[in-house]
Amino acid sequence: MATKLKVYEVKDYRADIDSDWCPGCGDFGILAAIQQALYKLQIPPHRVAVCSGIGCSGKTPHYLRAYGFHTLHGRVLPFAAGLKLANHGLTVIAVGGDGDGYGIGAGYFINAGRRNIDFTYIVFNNEVYGLTKGQAAPTLPQGAKTKSMPEANIQQGLNPIVLAIGAGYTFVARGFALDVKHLSELIARGIAHRGSAFIDVLQTCPTYNDIHTKEWYLGLDRPEKRPRLYKLEEAGFDPVVANPEDPEEVRAKQLAAITKSYEWGERIPIGVFYQVKLPTFEDRLREKGILGEIPLAEADLFRRDVTELIEALR
Amino acid sequence: MATKLKVYEVKDYRADIDSDWCPGCGDFGILAAIQQALYKLQIPPHRVAVCSGIGCSGKTPHYLRAYGFHTLHGRVLPFAAGLKLANHGLTVIAVGGDGDGYGIGAGYFINAGRRNIDFTYIVFNNEVYGLTKGQAAPTLPQGAKTKSMPEANIQQGLNPIVLAIGAGYTFVARGFALDVKHLSELIARGIAHRGSAFIDVLQTCPTYNDIHTKEWYLGLDRPEKRPRLYKLEEAGFDPVVANPEDPEEVRAKQLAAITKSYEWGERIPIGVFYQVKLPTFEDRLREKGILGEIPLAEADLFRRDVTELIEALR
Amino acid sequence: MTSTERDINWVIGGPQGSGINVAAETFAKALVRAGYRVYAAIEYHSNIMGKHSYYRVRISDADRRSPLGRVHVLVSLDEETLLGDTHHEFPAHRGHLHEVVPGGAVVFDARIGLNPGRDDLKLYPIPYAELLELALMEFGRQAERHRFRVVQNVIALSASAAVLGFELSALKEAILEGFKGRRAEAAGINLRAAELAYEYIKTHFADDFGYRLSGLNRRPERRPLLVRGVQAAAIAKIKAGLGFQSYYPISPATDENVYLEAQQRKYGFVVVQAEDEVAAINMAVGAAHAGVRAATSTSGPGFTLMAEGIGFASMTEAPGPVVFLWQRGGPSTGLPTRQEQADLRFALQPAHGEFSHLVVAPGDIEEVVFDSYMAFNWAERYQLPVIVLLDRHLAGAYVTAESLGLEALPPVDRGLFYQPEGTSEGDYFRYAFTETGISPRTVPGTEGGIFWTTSDEHDPRGHITEGAENRLKMVAKRMKKLDVAAREIPPQAKFKVYGPADADFTVIGWGSTKGAILDALEELRAEGHKVNFVQVRLMRPFPAEELKGLLSRAKNLILVEENYTGQLGALICEQTGISITRRVLKWDGRPFTQEELKEGLLKAMVAEGTVLASHLQG
Amino acid sequence: MTSTERDINWVIGGPQGSGINVAAETFAKALVRAGYRVYAAIEYHSNIMGKHSYYRVRISDADRRSPLGRVHVLVSLDEETLLGDTHHEFPAHRGHLHEVVPGGAVVFDARIGLNPGRDDLKLYPIPYAELLELALMEFGRQAERHRFRVVQNVIALSASAAVLGFELSALKEAILEGFKGRRAEAAGINLRAAELAYEYIKTHFADDFGYRLSGLNRRPERRPLLVRGVQAAAIAKIKAGLGFQSYYPISPATDENVYLEAQQRKYGFVVVQAEDEVAAINMAVGAAHAGVRAATSTSGPGFTLMAEGIGFASMTEAPGPVVFLWQRGGPSTGLPTRQEQADLRFALQPAHGEFSHLVVAPGDIEEVVFDSYMAFNWAERYQLPVIVLLDRHLAGAYVTAESLGLEALPPVDRGLFYQPEGTSEGDYFRYAFTETGISPRTVPGTEGGIFWTTSDEHDPRGHITEGAENRLKMVAKRMKKLDVAAREIPPQAKFKVYGPADADFTVIGWGSTKGAILDALEELRAEGHKVNFVQVRLMRPFPAEELKGLLSRAKNLILVEENYTGQLGALICEQTGISITRRVLKWDGRPFTQEELKEGLLKAMVAEGTVLASHLQG
Ligand SMILES: Cc1ncc(C[n+]2csc(CCOP(=O)(O)OP(=O)(O)O)c2C)c(N)n1
Ligand SMILES: Cc1ncc(C[n+]2csc(CCOP(=O)(O)OP(=O)(O)O)c2C)c(N)n1
Ligand code: SF4
Ligand code: SF4
Ligand SMILES: [Mg+2]
Ligand SMILES: [Mg+2]
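This is a predicted model, so every value here is computed, not measured.

Asker: Just checking my understanding: could you explain the overall build of chain A for this structure?
Answerer: Broken down by element type, chain A carries 11 helices and 10 strands. At 20 Å, chain A has a C-alpha radius of gyration in line with the 20 Å of a compact globule built from 314 residues. Projected onto its principal axes, the C-alpha coordinates of chain A cover approximately 80 × 50 × 40 Å. The buried share among the 314 residues of chain A stands at 68%. Across chain A, contacts joining residues at least 24 apart in sequence account for 71% of those joining residues at least 6 apart. Element-wise, carbon and sulfur atoms account for 56% of the exposed surface of chain A, whose accessible area totals about 10,300 Å².

Next up, the structure:
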């Protein structure tokens, strides 16, 4: 196709419409990171479908130049799954908030892990329900009280990394919204990964979350100003399963990832926690002889002969 | 109350109605274990509420003499939560299938872990959708094909223990439906535990699950006939967090539980994987001064003076 | 002689899981092969093993669409089938013995000391166990008597066939078919058991049964199809070019999904078992937006969970999905394996707010095929979700039919597509305002066709906007498509009229009650009544004007529905102002038997009001 | 002089998050304290910061219930408020300058080089920044000018108060109230800024503004309540004995939940933020079955997810919950922060199957209190879920009212309870068949009161059964309760009639449009039209007979609804056969202004058909 030759610039991934996020919102960083990842991989904008849930985060597709599906609260993963299976030739990215993904969408977050469909899921983890004015999201620790909350959070915060591993995701990572370069690399790796890539992004919400702020993540509140965040890769952490056939290694790497995920507070790891190459859902369908190379959306399914089915009724 | 003096027999926990489970169904074992646990703890039947989802497992409350709520598919946990918070004086037990709890109910399974409401949740894990004739449930391993399935399972099985730990359950155990004595002890411990107790029960379904059968669990297929199941307590595994204040110990015990949960196939652990004493949701409400000692259902809430609220509008 | 008098109703009953369904379906197949026409349907509990179930096979020389209540041959595998579960605190049924016509036959296990309490029956006590033992002995398999327990079905079946005078050879041929592949080794024993039972009747009982198959004309030369609604729907979907189906197991929709799953490879489409119906509908919406013909299939409880996704599909003008709603007994979990027509009202407004979608309700196999196929054309042409409203009765009842009518189907119509000029979507508006409200679409992957979409109110590009003017136009745009559909959808897909135009009574119904209505009307007309039938098919957009004209000209209207409130009646009044004062209803979880409906209609002809037409079938 | 001529409409606009709501509410409070009556409501986007929002404060000497479209004083914090976002590809609004009446005032930032394009306005350019700078200087806080940006609201407000001739002291008093606790330190700067702005007007502009507050009679002695629907509903729920409320955040229901959360301690009830609405409704059903008065509160998208739980509550005859449905713009996610009345149809049949539940729609604050309170009595008396159908307009608009009418409320009625004799439940049947269909209940914990319940069809003990006879009776039992409710619910809770019995035109409406209708009718009657108003309140069970009588006697009917299809009209036709041919509708996401509705009604009086009454408000 003509598109092959064409070289895309970052601006080719930008929709010409202004965002309505608050000034300083971490979402800007995630948006930029997605655009740069697509640019890095030179995926033609029209070959990309970005799906989202509902929330401040849910508005992301509108700001990207790519097929954009701003769906329902908590339903982005099933929608993205149907879209991808209908046209496995597309690059599919799903985005949503932490309330969207771990609260109302938790059941889909877990069960999507059982399929390993080849898409990338980016969760904007700001610990609050942004668009509904700052209630506690499932990631906010128990006892925490943001300025938007009348009282301290009575529910515990959950650990997305552990859940993702337990659910079966084959690529599990965490990024930081304000480290666009690092995040764009993570997203690029996630897109490149064949299978379901899950990226939890620590996202600042200057409007409602005054606990885990930019300053806090960067450790500006500390005397020595040392950032709380550190990069797993720089700490020599190896998340990749070398031999997916070896259950021992798989378990070991999963446990290492889970162990890492418990680090929080003074030192917070970002980067890839776990990665393993396993057949995708599409591969499994191909194996069964159900899915072919041509995406269903491009196949001609309209000249079927059903006489055999009818004759079987006699 | 008069009930104090009374001694209950096992039969006091039996409803006089015959079950419609298949002959040899593992559900009979779980039913008996629940009855024995209640008998052991001598909880008056009318102080017990048993809630269930939909499925073969969902029929359990009808066979127990206790307040029985056979609710909706996948909704048993929210229902039980509301019931318990409305009357925290009751002993509340929630039961349901693996499809009910980890499939359609996964979101509630995860988010209930964030509250630690004082109830016991027993999942009948038979790896199939029994009542709808044997489709794969979320716990059935990928590639497995029961006699009821036209082809091998294309989705991965998930690990309930890891998910429960990641979600925040304070009591996590696994039982075997056909070891009624051991299971009844587990259930009694779960009921005695203050907080959300989760018990995944390996349940045989002779009608549809011909893979993980009674024979298989008991190792009768092996030359030396050694059971695949072994008891954690007998293996000297200590699941209990001695000092809940100590994050290190909490993490360590959680990791130990997760590590154990990966054992499957040749040796399968049953028993308590993890237990920690943390304030229940009810405790947290009391702490906030919201909930009193008298259960809401027994309190007189009908003589309220709202003048103050009205005056605030002037 | 009317059909109820002429037809023969063979009924087999026993505990669930005991294999009566195999016996009945084998017999039905044998009968069809032999040139008879049959209607065959099972009634069973939401239970895997042990509860009472029974299977009716109505034998005729013309296609029937409804069950008979009266029984000519009752074949029982247990005592409950005969006398019910009257020992329970709240008995569920009184058995079937009382349904047997005078002179009717009762085939039962000789071990049961049966006291029928009436002397007008022909009793055929058969030593099931002994005969089985004999067969097993001949094959030296006595040790496996437990495993071969199920062969008692064949014994009972064969004995009843002998009573009816049905050829043993034809029966054996059908039995044999059931033992292909790894089950083949058991064929011998089953065939032998059949012979022994057949002989047992011939040798122990006089050949004087009054209801003979010979009374029916056969047409062995032209073998019809023996088909159920789930099969018809699935085949039509495949023919329509189905690319993606998602579902979550639920009775009575599961069978359609199982059928489709088995055809994925051959026809190249994907069926996904989702984690619940919320996931199922959203997967289907995603697939539809991606450009394939997508569907999902469920029943009431699942459909309620799809509500949100249907509103979403309509708001984003997705070209689908097509939602197959196989109604069952409600509300809530209700009666999972039973019949009811109580989801019409909900299907018409399945979510909050105002949005456009289509609802069509087929009443027989041919219409199931037509509607299931056309639903995809309509979904893509009007860019909205389409609900095909069916029910448990239509899903499960086997009927004989000459064909599925695939030949007569219009060509595939995928609706309007936008053809990009350049590589930029600068002048492409996915939600452009048009005359018809329909905006040419593109599918993801198309260069120059990029669009945005959102469940929030949006502008022509698909970006969020809350402007009042745009809002007024967008709502009108989406709703306008219903007027276009109303203009374009063919009349026979809206409603059909059967019988004389100048009838004294006009029966109005929808869905699978069509079968009982046509069967009963044939009988009533034979008895000299002037009645006709208006079958409403298209529920949304509702053919209000056309129907209003028709109904206001009718002399007397009688509403027939299998629900408590008369939902179609309410819809008709809402849309035409015509309130129907004679109603024949039932909500006992069973489809109308021909007798129930006939009797109900006769009562309704005498006086206005609501007639509950139930004979309390088991 | 009609209300539109006499009242003064003060409007402030600016980007979301800039604090206009604080300014408007402060002004409203000050006005009420000074003895005026006000109606105050905001219009805003589903956005946290930056998009256009505006707040109307209608000042009168009698209680009003609807917004005015014409503006007498326009206070703008940005240019968009004046001229709209016309630079966008699809502008959302044209600003508010064109809404200002001749001789009206426009207060704006002097930095804007405003060319109003008309010369009939009184322009008040104010140097916001400079005045703020002055105030800051006096407190030596210039460094914090960014933090104090928001004080520009006070400046604009105070300037407009000066234009209107409202006492500075009264305004300052109200402003001061806003700075309690840790915000106190900022009070000084705000008060000083107010003084500077007030003086600026006095010194720089002639005191010749035409619309004076002095034209309105004040009654400072009797201070009314200034209240919004969410507050009224919450207070009524607390009064009713609410024990448990579960919710999931969603606009516009969130405010009610936030209000209740703040009262948990004092009144001893529990509010739980659930993980979604499916959890919320099921928690509430569990709490209701446990014996507390339970509720949940949501809007369309959340309500759609509660569908399943409502059918479940009804099937199990739970004594509740009460579901508060605050309608907003749909379908799907729709217009989260905007007004619409489009969920009536869905609320009437919110799930599959046939089940009993109540739906009541209050139209003003007093009715919100009455219905919210009574809903719990009805839920427990009839053992079913009750839906209180409200909307965004009712939720958010502040109105003045003499009282909430709590004194007039009937006593709490918890319905029938079973009193166990022994300790065994041998003779207790939770679902016993009774005359009324209502079975005495027990609550878990009661000795001798053990019962079972299931979403499957069940027998009187609550155990699953599929028997036909039991089914017929159980369905009838559950539905019968609606007839009992219809008999017992007081007439004024069913519908109300306002105005002369012999009117030439009878307006029919429901919900919050009541406000605009009464305000417009007062004006129309003042102009000599004979119009009255029938407000429908109880939607289920529908008062069909009573209404049919009333409406068939009416000369001309005019339907008024804030939706596209006229849902109440359809319901009325379904229930009475009466089809209303004159309709005044709007679906632009904004409530009727008094002018829009009056104009619409006048058009409807001249000819049949549908009038779209929208002035495209911003
Ligand atoms: C079914 C449903 N319930 C509730 C809402 C209201 N709502 C909109 S966004 C949102 C949560 C937003 O939080 P999150 O998912 O964390 O996204 P964020 O705004 O923080 O990016 C909610 C509850 C909705 N749109 N749909
Ligand atoms: C919303 C909804 N969808 C589907 C069903 C149909 N259904 C009944 S039971 C069941 C699954 C049963 O499997 P599981 O939860 O594992 O319980 P089991 O029967 O194995 O004990 C399903 C899908 C339903 N009742 N409700
Ligand atoms: S509320 Fe928070 S998450 Fe939402 S846009 Fe503002 S800063 Fe970003
Ligand atoms: S199907 Fe399986 S789980 Fe269900 S009752 Fe039978 S054996 Fe038990
Ligand atoms: Mg968030
Ligand atoms: Mg199961």
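Asker: How do you make sense of the site of ligand 2 when you look at a structure like this?
Answerer: Around ligand 2 there are 21 residues in total, and Cys56, Ser57, Asp98 and Asp100 of chain B together with Glu277 of chain C lie nearest to it. Those residues lying near ligand 2 are distributed over chains B and C. At a separation of 3.0 Å, an oxygen atom of ligand 2 approaches a polar backbone atom of glycine 99 of chain B. In isolation ligand 2 exposes 580 Å². Once the protein is present, 97% of that is buried. If you tally residues by element for the shell around ligand 2, the top one is helix 5 (residues 98-103) of chain B, at three residues.

Asker: Hey, could you run me through the coordination of the magnesium ion (ligand 5) in this one?
Answerer: Metal coordination angles in their ideal form are 109.5 degrees for the four-donor tetrahedron and 90 or 180 degrees for the six-donor octahedron. All names here are of chain A. Surrounding the magnesium ion (ligand 5) are the protein donor atoms Asp98 (OD), Asn126 (OD1) and Val128 (O), which sit 2.1 to 2.2 Å from the metal. Each donor residue of the magnesium ion (ligand 5) lies on the same chain, and together they follow the pattern D-x27-N-x1-V. Here the residue aspartate 98 occupies a position in helix 4 (residues 98-103), and valine 128 occupies one in strand 5 (residues 128-129), the gap between them amounting to 30 residues. Of the two residues, aspartate 98 and valine 128, both sit in the buried class.

Asker: Whenever I open this one, the coordination of the magnesium ion (ligand 6) confuses me. Can you help?
Answerer: Residues and elements named next belong to chain B. Surrounding the magnesium ion (ligand 6) are the protein donor atoms Asp98 (OD), Asn126 (OD1) and Val128 (O), which sit 2.1 to 2.2 Å from the metal. All donors to the magnesium ion (ligand 6) come from one chain, and their sequence spacing reads D-x27-N-x1-V. Of this pair, aspartate 98 sits in helix 5 while asparagine 126 sits in the loop between strand 4 (120-125) and strand 5 (128-129); the two residues are 28 residues apart in sequence, bridging distant segments of the chain. Accessibility assignment for this pair places aspartate 98 and asparagine 126 in one class, buried.

Asker: Teacher, can you tell me more about the side chain of serine 3 of chain C here?
Answerer: Residues and elements named next belong to chain C. Positionally, serine 3 belongs in helix 1 (residues 3-6). Assessed through its relative accessible area of 3%, serine 3 is described here as buried. At 3.4 Å, the side chain of serine 3 and the side chain of arginine 58 are in polar contact. Ignoring any residue separated from it by four or fewer positions in sequence, one finds serine 3 in contact with Arg58, Arg64 and Gln594.

Asker: What exactly am I supposed to notice about the sheet that holds strand 1 (residues 8-15) of chain D here?
Answerer: Whenever strands of a sheet pair, they do so through backbone hydrogen bonds, lying parallel or antiparallel. All names here are of chain D. One open sheet accounts for eight strands, arranged 6-5-4-1-3-2-14-7; its pairing is mixed. The sheet is open, and its two borders are formed by strand 6 (122-126) and strand 7 (225-227), each paired with just one other strand. Strand-to-strand, the axes of this sheet are offset by a mean angle of 15°, without reference to chain direction. When strand 2 (residues 37-43) meets strand 14 (residues 398-401), the two strands line up antiparallel, connected through two bridges. When the sheet's bridge partners are listed, tyrosine 39 is paired in strand 14 with valine 399. Here helix 5 (residues 152-164) sits on the sheet in contact with strand 1, strand 3 (52-60), strand 4 (71-76), strand 5 (100-109) and strand 6, set at roughly 145° to strand 5.

Asker: Is there a simple way to explain the pattern of salt bridges in this structure?
Answerer: When the charged atoms of two side chains lie near each other, side chains of opposite charge can form a pair. The final tally for this structure, using the stated rule, is 156 salt bridges over all chains. Across the salt bridge formed by aspartate 283 of chain B and arginine 286 of chain B, the nearest N and O atoms sit 3.0 Å from each other. A residue pair is termed a helical-turn pair when its members lie 3 or 4 positions apart in one helix, as aspartate 283 of chain B and arginine 286 of chain B do in helix 11 (residues 281-287) at three residues. A relative accessible area of 16% means that aspartate 283 of chain B is categorised as buried. Note that glutamate 457 of chain D and arginine 478 of chain D form a salt bridge whose closest N and O atoms lie 2.7 Å from each other. Of this pair, glutamate 457 of chain D sits in the loop between strand 15 (452-454) and helix 15 (468-488) while arginine 478 of chain D sits in helix 15, placing them 21 residues apart in sequence.

Asker: Can you walk me through the interface of chain B and chain C in this structure?
Answerer: How big an interface is tends to be stated in terms of accessible area lost as the parts join. Taken together, the contact pairs 25 residues of chain B with 19 residues of chain C. Regarding the contact of chain B and chain C, the summed buried area is about 1,700 Å², with carbon and sulfur atoms giving 52% of it. Of all residues in chain B, Asp20, Ile104 and Glu151 of chain B give up the largest surface area on contact with chain C, accounting jointly for 24% of the area buried on that side. Where chain B packs against chain C, one counts one salt bridge. A salt bridge links glutamate 151 of chain B to arginine 265 of chain C; the shortest N-O distance between them is 3.0 Å. For the pair chain B and chain C, the interface holds eight residue pairs in polar contact (both at pLDDT 80 or more). Looking at the side of chain B that touches chain C, the elements that each hand over two or more residues are helix 5 and strand 6 (135-136) of chain B. Considering only residue class, the side of chain B that touches chain C consists of 10 nonpolar, nine polar and six charged.

Quick notes on the rules
- Residues numbered from 1 in each chain as written.
- Chains lettered and ligands numbered in written order.
- Predicted model: local features only at pLDDT ≥ 70, side-chain atom pairs only at ≥ 80, totals over all residues.
- Heavy atoms only, no water.
- Helix = DSSP H or I, 4+ residues; strand = E, 2+ residues; numbered from the N terminus.
- Rg over C-alpha atoms; globule rule 2.2 N^0.38 Å.
- Buried < 20%, exposed > 50% of the residue type's maximum accessible area, 1.4 Å probe, protein only.
- Contact = heavy atoms within 4.5 Å.
- Areas by Shrake-Rupley, 256 points an atom, 1.4 Å probe, with all protein chains shown as cover.
- Near = heavy atom within 4 Å.
- Polar contact = N/O pair within 3.5 Å; in protein donor to acceptor, adjacent residues only side chain to side chain.
- Donors = N, O, S within 2.8 Å, 3.2 Å for Na, K, Ca; no water.
- Pairing = 2+ DSSP bridges.
- Axes fitted to C-alpha atoms, helices over the stretch in contact; angles between N-to-C directions.
- Salt bridge = Lys/Arg side-chain N within 4 Å of Asp/Glu carboxyl O.
- Buried area = accessible area lost by both parts, 1.4 Å probe.
- Nonpolar A, V, L, I, M, F, W, Y, C, P; charged D, E, K, R; others polar.

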